Amino acid sequence: MWMLFLGNNASITTADGETIKLRDAVQHFFNSPAWRELKNTVYKIYQRARTEGWERVYDEFVEALDPRGEKNAYKVLDLDGNATQDQITKKYRKLAKEWHPDRHPKSKEEAQAKFIEIQQAYETLSNIKLERARRNKQSRDTTSSSFKNVG
């Protein structure tokens, strides 16, 4: 009963001061691309769990949430997941030059937001690549030292 009351009478005020009925906000949310993408991702994870076993569900779910922002960073820089550090750097420089706020005097705020988004994406991917390279080196060093101890 309370849900019905809230759904019909509650409203949300945006940062701009606009008042939106809760039922409209909920309806817009469930029609949003973000919700559709999440729903499709969860369905794919469910299907894969049914075929490969439920043990993998957690790993798939965490990967889908993209906690480190890697997928989003690739999307921002318009790169695929196999891009090398050189490709990432070249694309970053090109986009940073293109979206530098000084090149967009009429839409400086929009350009600055895009420029910051590009910088954050580059930083995210660079840090991830650096961390992976460090872990791979440690792994190789550990493997080679264990082979030296065998003989």
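One can find the structure itself at the top, above this paragraph.
Read on for an overview of the structure. Every chain is numbered on its own, with residues counted from 1 as its sequence reads. The predicted origin of the model limits local features to residues at a pLDDT of at least 70 and limits the giving and counting of side-chain atom pairs to 80 or more, whereas totals for whole chains, interfaces and linings rest on all residues. By convention in this description, side-chain values take in all heavy atoms of the structure and omit both hydrogens and water.

## What to know about the pattern of salt bridges
In what follows, salt bridge is the name for a side-chain nitrogen of Lys or Arg lying within 4 Å of a carboxyl oxygen of Asp or Glu. Applying the stated criterion across every chain, the model contains 7 salt bridges. The shortest N-O distance in the salt bridge between R134 and E131 comes to 2.7 Å. In this pair, R134 and E131 both sit in helix α7 (residues 108–150), 3 residues apart, roughly one turn of the helix. Per-residue accessibility, obtained with a 1.4 Å probe over protein chains only, is compared with the maximum for each type, and a residue is labelled buried under 20%, exposed over 50%, and partly exposed between these values. On the basis of relative accessibility, which here comes to 42%, the residue R134 falls in the partly exposed class. What makes E131 partly exposed here is its relative accessible area of 28%. Because the salt bridges share partners, they merge into one network encompassing E131, R134 and R135. Numbering of helices and strands starts at the N terminus; helices are DSSP runs of H or I of at least 4 residues and strands are runs of E of at least 2.

## A short note on the packing of aromatic side chains
Aromatic pairing here means that ring centres of Phe, Tyr or Trp (its six-membered ring) are within 6.5 Å. Orientation follows from the plane angle: under 30 degrees is stacked, over 60 is edge-to-face, and everything else is tilted. Evaluated as defined, the whole model comprises 5 aromatic pairs. Ring geometry for F29 against W35: centres 5.4 Å apart, planes inclined by 50°, an arrangement best described as tilted. Overall, F29 belongs to the partly exposed group, its relative accessible area being 42%. With a centroid separation of 4.1 Å and 15° between ring planes, the pair formed by Y92 and Y122 is classed as stacked. Highlighted residues: Y92 in helix α6 (residues 85–98) and Y122 in helix α7, separated in sequence by 30 residues. In this structure an aromatic cluster arises from ring pairing among F29, F30 and W35. Two conditions define a charge sitting above a ring: the NZ of Lys or the CZ of Arg must be within 6 Å of the ring centre, and it must be within 35 degrees of the ring normal. It is K114 that lies over the ring of W99; its NZ or CZ is 6.0 Å from the centre.

## Quick notes on the nonpolar core
Nonpolar side chains in soluble globular proteins tend to be buried together. The nonpolar core is taken to be a set of buried Ala, Val, Leu, Ile, Met, Phe, Trp, Tyr and Cys residues, with the residues joined through side-chain atoms within 4.5 Å. Counting 13 residues, the largest nonpolar core has Y74, L77, I88, I118, A121 and L125 as the members making the most contacts within it. The set of elements that each furnish at least two residues to this core consists of α5 (70–76), α6 and α7. Beyond its immediate stretch of four places on either side in the chain, Y74 contacts L79, D80, G81, A83, I88, L125 and K129. The contact rule is simple, with two residues in contact once any of their heavy atoms fall within 4.5 Å.

## Some points on the layout of surface pockets
Grid spacing is 1 Å over the protein atoms alone, the probe is 1.4 Å, and a cavity is where that probe fits but cannot get out, while a pocket is an open set with protein on both sides within 12 Å along at least five of seven lines and lining residues have an atom within 4 Å of a point. Grid points are joined across faces, edges and corners, and a volume is the space filled by probe spheres set on the points. Each pocket or cavity is described by its volume, and for the largest pocket that value is around 260 Å³. Together, E37, L38, T41, V42, I45, F61, A64, L65, D66, K71, N72 and K75 line the largest pocket. Under the convention adopted here, Pro, Cys and the residues Ala, Val, Leu, Ile, Met, Phe, Trp and Tyr are nonpolar, Asp, Glu, Lys and Arg are charged, and Gly plus all remaining residues are polar. Here the residues of the lining of the largest pocket are counted per class, giving 6 nonpolar, 2 polar and 4 charged. When its volume is computed, the second largest pocket comes out at roughly 170 Å³. Lining the second largest pocket are 10 residues, with E63, D66, E70, K71 and R132 sitting closest to its centre. When residues of the lining of the second largest pocket are traced back to their parent elements, those giving at least two are α4 (57–65) and α5. Sorting elements by how many residues they give to the lining of the second largest pocket places α5 first, with 3 residues. Classifying every residue of the lining of the second largest pocket by side-chain character gives 3 nonpolar, 1 polar and 6 charged.

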